[in-house]
Amino acid sequence: MICTQVFRRQLNTSRLDDELTKNFFDLQRFAEGDKTEEPTSKRRSDAAKKGQIAKSQELNTAFVLLAGFLIIKIFWESMYHNIADYSAYVFSHLHETGTTVEDVMRIFIDIVQVLISTAFPVMIAVMIFALAINIYQVGFMINTERLEPKLSSLNPISGFGRLFSKRSLVELVKSLFKIIVIGFFLYLYLKDEIPFMPYFIYYDLEHSLAEIADKIFVMAFQVIAVIMVLAAADYAYQKWQTTQDLMMTKQEVKDEYKQMEGDPQIKGKIKQKQRQMAMARMMQEVPKADVIVTNPTHFAVALMYKKGMVAPQVLAKGQDRVAERIKEVARENRIPIVENKPLARALYAAVEIGDVVPHDLYQAVAEVLAYVYRLKNKRINRQ
């Protein structure tokens, strides 16, 4: 009975451990795979090159409509008179017009010229506004990747998936909402204007056209105002959605950083190799030194002074293990080692390798060199 209880207790403990382990790995996968990081500038730039950028078609539509109706409103009288005058001329001289090919071509060319003169300002305004709003949204960018043919686009399965995707559903909801909102405002405007429209039959043509044009312009600008509000909301949504689509995992951020800056481990090895090479070059200079000034254990500075030099030069310096290596090379090449704690510290802190000794250390260095020269002379005399 006791053995059974012990076995059951061990079994429950094992199951609990397995459950904790499973939960730990689930949390680990969640932490690594969940896209919680804001997209970096490089990711945004790469996405923009592929055409994945926040852009609202509603904003384009709103400004194009605004430009078109605004220019028509400004030039309405001249456009109306041009068309009316030409129409009156054509119909008044219709009995004089022949039926030959030349006559028909002349009438057609005249009609085209009238249409161009009236429609040209509208076309220019629409083009300028369309370009301006596109540049505002995406900047100066020419992307041909979307124009390249892709066989995957012809796959009916993937096309069916795109048709019923989340984005398509959102676009459908947006379209329905736009129709309802615009239709509501149109209803509010037209319900008060429709009862007065039958009275236009009592006006002359010019007066009735002017009244109808005014009402159409008022209705158009009201609708454009509504579309503007919807377009601003859609643009904000597109920016948010694009950011969500470009969100990154922590691992993706690390990988991108490695690609841009290089693997930290590789960079560390490169720096270590550079330090080793610099150390080897420095040690090759130590045999040229006249004296090694030490702390004696923590610092070592190799000095050289030749005739004609402005001041003694530091050939090598090091701390702890490097200092020990400098002293080893000095002993191998029988270079004098002089212990001077304040001078060694001052030289190590103030002078870089290859530089000359500063003026405030001249006297201390000169005393050391004089001592070294005296030792050399004594050695020479003994020999």
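Analysis parameters
Every chain begins its residue count from 1, and numbering advances along the sequence as written. In view of the model being predicted, local features appear only for residues whose pLDDT reaches at least 70, and side-chain atom pairs are presented and counted only at 80 or more, with totals across whole chains, interfaces and linings using the full set of residues. The basis for every side-chain value is the complete set of non-hydrogen atoms in the structure, without hydrogens or water. To pair, rings of Phe, Tyr and Trp, with the six-membered ring standing in for Trp, must have centres within 6.5 Å; the planes then decide the type, stacked if under 30 degrees apart, edge-to-face if over 60, and tilted in the middle. Under the scheme applied here, a residue whose accessible area is under 20% of the maximum for its type counts as buried, over 50% as exposed, and between as partly exposed, the area being computed with a 1.4 Å probe on protein chains only. By the criteria applied, helices consist of DSSP H or I runs no shorter than four residues and strands consist of E runs no shorter than two, each listed in order from the N terminus. Axis definition: a line fit to C-alpha positions, over the contact stretch in the case of helices; interaxial angles, taken between N-to-C directions, run 0 to 180 degrees. Under this scheme an angle from 65 to 115 degrees is roughly perpendicular, one under 35 degrees roughly parallel, and one over 145 degrees roughly antiparallel; angles in between are oblique. The hand of a helix crossing depends on one turn: near helix anticlockwise from the far one by less than a right angle means left-handed, and clockwise means right-handed. The contact rule is simple, with two residues in contact once any of their heavy atoms fall within 4.5 Å. Only buried Ala, Val, Leu, Ile, Met, Phe, Trp, Tyr and Cys residues count toward a nonpolar core, and they belong to the same one when joined by side-chain atoms within 4.5 Å. The working definition used for a salt bridge is a side-chain nitrogen of Lys or Arg within 4 Å of a carboxyl oxygen of Asp or Glu. Note on pairing: two strands pair once DSSP finds at least 2 bridges between them. Residue-level confidence of the predictor is summarised by pLDDT, bounded by 0 at the bottom and 100 at the top.

Draft legend 1. Representation of the packing of aromatic side chains. Enumeration according to the criterion identifies five aromatic pairs in this entry. For the pair Phe-184 and Phe-185, a centre-to-centre distance of 5.8 Å together with 80° between the ring planes defines the contact as edge-to-face. Judged by its relative accessible area of 47%, Phe-184 falls in the partly exposed class. Relative to Tyr-348, the ring of Phe-299 lies with its centre 4.8 Å away and its plane at 50°, an arrangement referred to as tilted. On the criterion of sequence distance, the pair formed by Phe-299 in strand S2 (residues 299-304) and Tyr-348 in helix H12 (residues 341-350) is long-range, its members being 49 residues apart.

Draft legend 2. Highlighting the packing of helix H3 (residues 57-74) against helix H5 (residues 101-138). Where H3 meets H5, the axes come as close as 8 Å, and the angle between the chain directions of the two elements is 155°. Between H3 and H5, the crossing angle belongs to the class labelled roughly antiparallel. Crossing geometry of H3 relative to H5 is assigned as right-handed. Residues Leu-59, Asn-60, Phe-63, Val-64, Ala-67, Gly-68, Ile-71 and Ile-72 of H3 form the contact with H5, whose own contacting residues are Pro-121, Val-122, Ala-125, Val-126, Phe-129, Ala-130, Ile-133, Asn-134 and Gln-137.

Draft legend 3. The nonpolar core, seen in detail. Among the nonpolar cores identified, the biggest contains 17 residues, and Val-291, Val-293, Leu-303, Leu-343, Leu-347, Val-365 and Val-368 are the most heavily contacted of them. Elements with a minimum of two residues in this core: strand S1 (291-294), S2, H12 and helix H13 (362-382). With four residues, the top contributor of residues to this core is H13. In contact with Val-368, other than residues within four places in its own chain, are Val-291, Val-293, Val-338, Asn-340 and Leu-343. Grouped together as the second largest cluster of nonpolar side chains are 15 residues, Val-286, Ala-289, Ala-316 and Ala-330 included.

Draft legend 4. Main features of the pattern of salt bridges. Applying the stated criterion across every chain, the model contains ten salt bridges. When the shortest N-O distance is used, the salt bridge between Glu-58 and Lys-178 registers 2.9 Å. Note that Glu-58 is positioned in helix H3 and Lys-178 in helix H7 (residues 166-193), a separation of 120 residues in sequence. Accessibility expressed as a relative area gives 17% for Glu-58, which makes it buried. Between Lys-174 and Asp-234 there is a salt bridge, with the nearest N and O atoms lying 2.3 Å from each other. With Lys-174 in helix H7 and Asp-234 in helix H8 (residues 205-245), this residue pair connects regions lying 60 residues apart in the sequence. One salt-bridge network, held together by shared partners, links Asp-290, Lys-306 and Lys-376.

Draft legend 5. How the structure looks around the sheet that holds S2. Judged by pairing direction, the sheet is mixed, and its four strands sit side by side in the order S3-S2-S1-S4 without closing on themselves. The sheet is open, and its two edges are formed by strand S3 (313-319) and strand S4 (337-339), each paired on a single side. Strand after strand, the sheet turns through a mean of 25° between neighbouring axes, direction not considered. Pairing analysis gives four bridges linking S1 to S2, with the strands arranged antiparallel. Each residue of the ladder has a partner; that of Thr-294, found in S2, is Ala-300. Each of S1, S2, S3 and S4 is contacted by helix H11 (residues 321-332), which is oriented at about 130° to S3, the strand it contacts most. Here H12 sits on the sheet in contact with S1, S2, S3 and S4, set at roughly 80° to S2.

Draft legend 6. Inspection of the packing of helix H4 (residues 76-92) against H5 at higher detail. Across the interface, H4 lies against H5 with an axial gap of 10 Å and an inter-helix angle of 170°. With respect to each other, H4 and H5 are oriented roughly antiparallel. On H5, the residues touching Met-79, Asn-82, Ile-83 and Tyr-86 of H4 are Ile-107, Asp-110, Ile-111, Val-114, Ser-117, Thr-118 and Val-122.

Draft legend 7. Up close: unusual backbone geometry. Even without being a glycine, Asp-320 presents a positive backbone phi close to 55°. By the secondary structure assignment, Asp-320 is in the loop between S3 and H11. Asp-320 gets classed as partly exposed once you look at its relative accessible area, which sits at 37%. Although it is not a glycine, Arg-334 adopts a positive phi angle of roughly 55°. With respect to the helices and strands, Arg-334 occurs in the loop between H11 and S4.

Draft legend 8. Quick peek at the confidence of the model for the protein chain. Here the protein chain shows a mean pLDDT of 77. Residues at 70 or above account for 79%. Confidence, expressed as mean pLDDT per element, reaches its minimum in the protein chain at helix H1 (residues 2-33) with 45 and its maximum at S2 with 91. Per-residue pLDDT stays below 50 along residues 1-17; that stretch engages in zero contacts with residues further than four places along the chain or on separate chains. A low-confidence stretch, residues 20-32 stays under pLDDT 50, and its non-local contacts, those more than four residues away or across chains, total three contacts.

Draft legend 9. Structural detail: the pairing of S2. Where burial is concerned, most of S2 is hidden: six out of the six residues are buried. Side chains Phe-299, Val-301 and Leu-303 of S2 all project onto a buried face; the interleaved residues Ala-300, Ala-302 and Met-304 project onto the opposite face, where all are buried too. If you look at the hairpin formed by S1 and S2, you'll find four residues sitting between the two strands. Of the strand pairs in this sheet, S2 and S3 are connected by six bridges, and their pairing is antiparallel. Within S3, the position partnered with Phe-299 by the bridge is Gln-319.

Draft legend 10. Seen up close, the side chain of Asn-295. Among the secondary structure elements, Asn-295 is positioned in the loop between S1 and S2. With near-sequence residues (within four places) excluded, Asn-295 lies in contact with Glu-339, Lys-341, Ala-344 and Arg-345.

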